[in-house]
Amino acid sequence: MTPPEETTNISYDSLRQVTILSPLSNDELARFADSCSWSRHDSHYEVVVQDTPCDRVYFIAQGRVSAKTYSPKGREVTYAELGVGEFFGELSALDNKPHVSFVITLQESLIASIDADAFNAFLETHPAVMRTLLTELAGRVRLLDKKILEFSTLTASNRIHAELLRLAKGHRQIDGGAEISPTLTHADLASRTNTTRESVTRELARLKKDNIIRTDPDRLFILDITALTKLIEYE
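Now for a description of the structure that goes with this document. A quick note: this is a predicted structure, and the numbers were derived from the prediction, not measured. (Residues numbered from 1 in each chain as written. Predicted model: local features only at pLDDT ≥ 70, side-chain atom pairs only at ≥ 80, totals over all residues. Heavy atoms only, no water.)

1. Some points on unusual backbone geometry
So, point 1. In this model, His 44 sits at a positive phi of 70°, which is unusual for a non-glycine residue.
So, point 2. With respect to the helices, strands and loops of the structure, His 44 is situated in the loop between β2 (37-41) and β3 (46-48).
So, point 3. You can call His 44 exposed: its relative accessible area is 60%.
So, point 4. The phi angle at Asn 211 is positive, at roughly 60°, despite the residue not being glycine.
So, point 5. Tracing the backbone shows Asn 211 in the loop between α7 (197-209) and β11 (213-215).
So, point 6. By relative accessible area, which is 56% here, Asn 211 ends up exposed. (Helix = DSSP H or I, 4+ residues; strand = E, 2+ residues; numbered from the N terminus. Buried < 20%, exposed > 50% of the residue type's maximum accessible area, 1.4 Å probe, protein only.)

2. Examining the pattern of salt bridges
So, point 1. One pass over the structure, following the stated rule, counts 13 salt bridges.
So, point 2. As a salt-bridge pair, Glu 81 and Arg 64 come within 3.5 Å of each other at their nearest N and O atoms. With Glu 81 in strand β6 (residues 76-82) and Arg 64 in the loop between β4 (56-62) and β5 (65-70), this pair connects stretches of sequence that are 17 residues apart.
So, point 3. The exposure class assigned to Glu 81 is buried, which follows from its relative accessible area of 14%.
So, point 4. Connected via shared salt-bridge partners are Arg 64, Glu 81, Lys 147, Glu 150, Glu 163, Arg 166 and Arg 192. (Salt bridge = Lys/Arg side-chain N within 4 Å of Asp/Glu carboxyl O.)

3. A word on the packing of helix α3 (residues 116-125) against helix α4 (residues 127-153)
Think of two packed helices as two axes; the pair is described by the angle between the axes and how far apart they sit.
So, point 1. Contact pair α3 / α4: the axes reach a minimum separation of 5 Å and the direction vectors enclose 110°. It follows from the interaxial angle that α3 and α4 lie roughly perpendicular. Between α3 and α4, the residues in contact are Phe 119, Phe 122, Leu 123 and Thr 125 and Pro 127, Val 129, Met 130 and Leu 133, respectively. (Axes fitted to C-alpha atoms, helices over the stretch in contact; angles between N-to-C directions. Parallel < 35°, antiparallel > 145°, perpendicular 65-115°, else oblique. Contact = heavy atoms within 4.5 Å.)

4. A few points about the nonpolar core
So, point 1. By size, the foremost hydrophobic cluster in this structure holds 26 residues, and its most contacted members are Leu 15, Ile 20, Leu 21, Phe 32, Trp 38, Phe 59 and Phe 119.
So, point 2. Going through the elements one at a time, α1 (26-34), β4, β9 (109-115), α3 and α4 are the ones with two or more residues in this core.
So, point 3. In terms of nonpolar packing, the next biggest core, distinct from the first, is built from 22 residues, Leu 164, Leu 165, Val 200 and Leu 220 among them. (Core = buried A, V, L, I, M, F, W, Y, C linked by side-chain atoms within 4.5 Å.)

5. Quick look at the side chain of Ser 66
So, point 1. Secondary-structure assignment places Ser 66 in strand β5.
So, point 2. Ignoring any residue separated from it by four or fewer positions in sequence, one finds Ser 66 in contact with Thr 78, Ala 80, Glu 81, Phe 102, Val 103, Ile 104 and Leu 106.

6. Some thoughts on the side chain of Glu 150
So, point 1. Mapped onto the secondary structure, Glu 150 falls in helix α4.
So, point 2. Overall, the relative accessible area of 3% leaves Glu 150 in the buried class.
So, point 3. Among the polar contacts made by the side chain of Glu 150, one reaches the side chain of Arg 166 at a distance of 2.9 Å. (Polar contact = N/O pair within 3.5 Å; in protein donor to acceptor, adjacent residues only side chain to side chain.)

7. Description of the sheet that holds β3
So, point 1. On the basis of which strands lie adjacent, the open sheet formed by 4 strands has the order β3-β8-β5-β6 and antiparallel pairing. Two strands in the sheet have a free side with no partner beyond their single neighbour: β3 and β6. Going from strand to strand, the sheet's axes swing by 35° on average, the running direction of each strand aside.
So, point 2. Inspection of the sheet shows β3 paired to strand β8 (residues 102-105) by 2 bridges, in the antiparallel sense. Bridge pairing in β8 places Glu 46 opposite Ile 104. (Pairing = 2+ DSSP bridges.)

Below, the structure is given as structure tokens:
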């Protein structure tokens, strides 16, 4: 594994898209950026290792990462994929408990990080950021609650439909469809939906046949979001 490349002289504007830092003025954001360490990581780099103590909170300035774990039999389970403006490591920083997952880069990424103690001290003196953080965490809890409902009530095919709709949310186009790029592998989609790669392959083939989706090597196109939505049925 290639070690991360330490990076210096990064403009604080690289953190402007980080959601929880949005309440900060330019001067406040610049001071926060000065407190961060910066590094570039190749794809497939383990930024965080599961069950290790927390020492930093991370902010994605460029690239994308995946938070995942593995069952005792080696089955991969993906909790989330995070992109520019998102962050990770905050839970362990808040409760001082070990990381609950691995966090691995999906592509070359520029990541800022700050010492966990410094992050907590920063929150104490910036209540607007604390409030924004709480709102973000509430959204993540709501998403997890929805996934629990899906895992309890939906068939494997419908869980795949629901995940495709989630992926499409940030990629809506005016024609009622969406383009997801970069696309997920069948194994990744299976990991996100608690099903098998074979089930994903069969369901995507059916959706293609029904002209609901189409794919190319790098992208997945949802041609009819309304039709995909109608396929989901709670028992």
